[in-house]
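For reference, the chains in residue letters:
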Amino acid sequence: MVETVFAVSAVLILVGAVGVVLFRNPVHAALSLVLTLIGVAVLFVLNDAHFLAAVQVVVYAGAIVILFLFVIMLLGVDKAEKLRIEPIAGQRPLAVVIGAGLAAVLVTVVIIGADVLTGWRRQSGERALDGASTDIERIGRVLFGEFAFAVEITAALLTVAVVGAVILTRRTPRGEQ
Amino acid sequence: MDLGGLSVGWYLALSVALFTIGGVGLLVRRNPLVMFMCVELMLNAVNVAFVALGAGLNDVGGQIAVFFVLVVAATEVVIGLALVVAINRRRAGATADDLTLLKG
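Thresholds applied
- Residues numbered from 1 in each chain as written.
- Chains lettered and ligands numbered in written order.
- Predicted model: local features only at pLDDT ≥ 70, side-chain atom pairs only at ≥ 80, totals over all residues.
- Heavy atoms only, no water.
- Helix = DSSP H or I, 4+ residues; strand = E, 2+ residues; numbered from the N terminus.
- Buried < 20%, exposed > 50% of the residue type's maximum accessible area, 1.4 Å probe, protein only.
- Contact = heavy atoms within 4.5 Å.
- Areas by Shrake-Rupley, 256 points an atom, 1.4 Å probe, with all protein chains shown as cover.
- Phe/Tyr/Trp six-rings, centres within 6.5 Å; stacked < 30°, edge-to-face > 60°.
- Axes fitted to C-alpha atoms, helices over the stretch in contact; angles between N-to-C directions.
- Parallel < 35°, antiparallel > 145°, perpendicular 65-115°, else oblique.
- Left-handed = near helix turned anticlockwise from the far one by under 90°.
- Salt bridge = Lys/Arg side-chain N within 4 Å of Asp/Glu carboxyl O.
- Nonpolar A, V, L, I, M, F, W, Y, C, P; charged D, E, K, R; others polar.
- Polar contact = N/O pair within 3.5 Å; in protein donor to acceptor, adjacent residues only side chain to side chain.
- Core = buried A, V, L, I, M, F, W, Y, C linked by side-chain atoms within 4.5 Å.

**Student:** Is there a simple way to think about the overall build of chain B in this case?
**Tutor:** Of the regular secondary structure elements, chain B holds 3 helices and 2 strands. Ordering the α and β elements of chain B from the N terminus gives β-β-α-α-α. Looking at chain B as a whole, 62% of its 104 residues qualify as buried. Counting contacts in chain B only where the partners sit at least 6 residues apart, residues at least 24 apart contribute 59% of the total. Of the roughly 3,800 Å² that chain B leaves accessible, carbon and sulfur atoms contribute 70%.

**Student:** Just checking my understanding: could you explain the packing of aromatic side chains for this structure?
**Tutor:** Each aromatic ring pair is summarised here by two numbers: the centre-to-centre distance and the angle between the ring planes. Taken as a whole, this structure holds 4 aromatic pairs over all chains when the rule is applied. With a centroid separation of 4.8 Å and an interplanar angle of 65°, the aromatic rings of Phe 6 of chain A and Tyr 11 of chain B are classed as edge-to-face. Taken together, the residues Phe 6 of chain A in helix H1 (residues 2-22) and Tyr 11 of chain B in helix H1 (residues 8-28) connect one chain to another. Judged on exposure class, the residue Phe 6 of chain A and its partner Tyr 11 of chain B are both buried. Arranged with centres 6.4 Å apart and planes meeting at 85°, the rings of Phe 67 of chain B and Phe 68 of chain B form a pair that is edge-to-face.

**Student:** How should the packing of H1 of chain B against helix H2 (residues 32-56) of chain B be read in this particular structure?
**Tutor:** Geometry of a packed helix pair, given as the angle between the helix axes and the separation of the axes. Residue and element names in this part refer to chain B. As a packed pair, H1 and H2 sit with axes 8 Å apart at the nearest point and diverge in direction by 165°. Between H1 and H2, the angle falls in the class roughly antiparallel. Every pair of crossing elements has a handedness; the one defined by H1 and H2 is left-handed.

**Student:** Even after reading the chapter, I still don't get the interface of chain B and chain A, so can you show me in this structure?
**Tutor:** Many structure descriptions define interface size as the accessible area lost when the parts assemble. Facing the 68 residues of chain B at the interface are 85 residues of chain A. Here chain B is connected to chain A by 0 salt bridges. At the level of elements, H1, H2 and helix H3 (61-90) of chain B are the ones that each hand at least two residues to the side of chain B that touches chain A. Per-element accounting of the side of chain B that touches chain A gives the leading share, 24 residues, to H3 of chain B. Classifying every residue of the side of chain B that touches chain A by side-chain character gives 47 nonpolar, 14 polar and 7 charged.

**Student:** I tried to follow the packing of H1 of chain A against helix H2 (residues 26-46) of chain A on my own but got confused; where do I start?
**Tutor:** Residues and elements named next belong to chain A. With their axes 7 Å apart at the nearest point, H1 and H2 run at an angle of 155° to one another. As the angle between them shows, H1 and H2 are arranged roughly antiparallel. In terms of crossing hand, the pair formed by H1 and H2 is left-handed. On the side of H1, the interface is formed by Val 2, Val 5, Phe 6, Ser 9, Leu 12, Ile 13, Val 15, Gly 16, Ala 17, Gly 19 and Val 20, while H2 contributes Ala 29, Ser 32, Leu 33, Leu 35, Thr 36, Gly 39, Val 40, Val 42, Leu 43 and Leu 46. The residue inventory of the contact of H1 with H2, partitioned by class, reads 15 nonpolar, 6 polar and no charged.

**Student:** Help me understand the side chain of Asn 44 of chain B in this model?
**Tutor:** Among the structural elements, Asn 44 of chain B can be located in helix H2. For Asn 44 of chain B, the side chain forms a polar contact with the side chain of Gln 56 of chain A, separated by 2.8 Å. When near neighbours in sequence (up to four residues on either side) are disregarded, Asn 44 of chain B contacts Leu 37, Val 40, Gln 56 and Tyr 60 of chain A together with Leu 18 of chain B.

**Student:** It is not clear to me how the nonpolar core should be interpreted in this structure. Could you clarify?
**Tutor:** The biggest cluster of nonpolar side chains holds 46 residues, and the ones touching the most others in it are Leu 33, Phe 44 and Phe 68 of chain A together with Met 37 of chain B. Breaking this core down by element, the ones donating at least two residues are H1, H2 and helix H3 (50-75) of chain A together with H1, H2 and H3 of chain B. Of the residues forming this core, the biggest block, 11 residues, is contributed by H3 of chain A. Other than its neighbours up to four places away in sequence, Phe 44 of chain A contacts Ala 49, Leu 52, Ala 53 and Gln 56 of chain A together with Asn 47, Val 48, Val 51 and Val 66 of chain B. Leu 129, Ile 139 and Leu 143 of chain A together with Ile 64 of chain B belong to the second largest nonpolar core, which has 8 residues in total.

So this is what it looks like as structure tokens:
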């Protein structure tokens, strides 16, 4: 059962990801991204991260993709990109070579790291996942206990982002800078 | 480490594949919007690895990390799209290759 769910969502994720790279129309790429994000949410459910699965669907598949589509429509850049034109000579082959190298490095890290990771002991206590409380309760306790300072920094980051977005897109009178 | 009969290795393999596809897409595409989508793919690959390893180690810390990645991804998209809008207002239809204004 678990294997079937994993296999189906893995296929969804990879098909969506390849679609994002290969679709020439940005709107299609954004819709393909939704497929990947939903697949990742299914994997979260499979790992008993129900709260994160909900957040993934609401924030990513909802807000962020809508923001992408909104900007695509706003700018009218939804015409197909000409994938044939190659401004930098040899960019595509080089990109594929770099991608293969990246994959090789990552696979090596995973294989080497597997021994280290399985040597780690499982958590117990407040951060353990197999306690009586639900995952959202545990996340809340750890987030506002151990990581309270990081949450405060996050608040500052979000404020900076909002102010930055307003300043960047502000239209000054008379069309000057 | 087993997750209900499924090894963490499978999740890591999927994560590697997704990260690589995102990275290649980032290098290949020239539309800044699609490049942002490829960055999202790479962030999601890392999220999958975080949650799988967190479940394998019985640690809620993996989910906490994903939480912060989500916040950073949201701010990145907001600032990035604001930049795209600002650039397109001055130079319509610009791709990443056209933006050589800062070139010496």
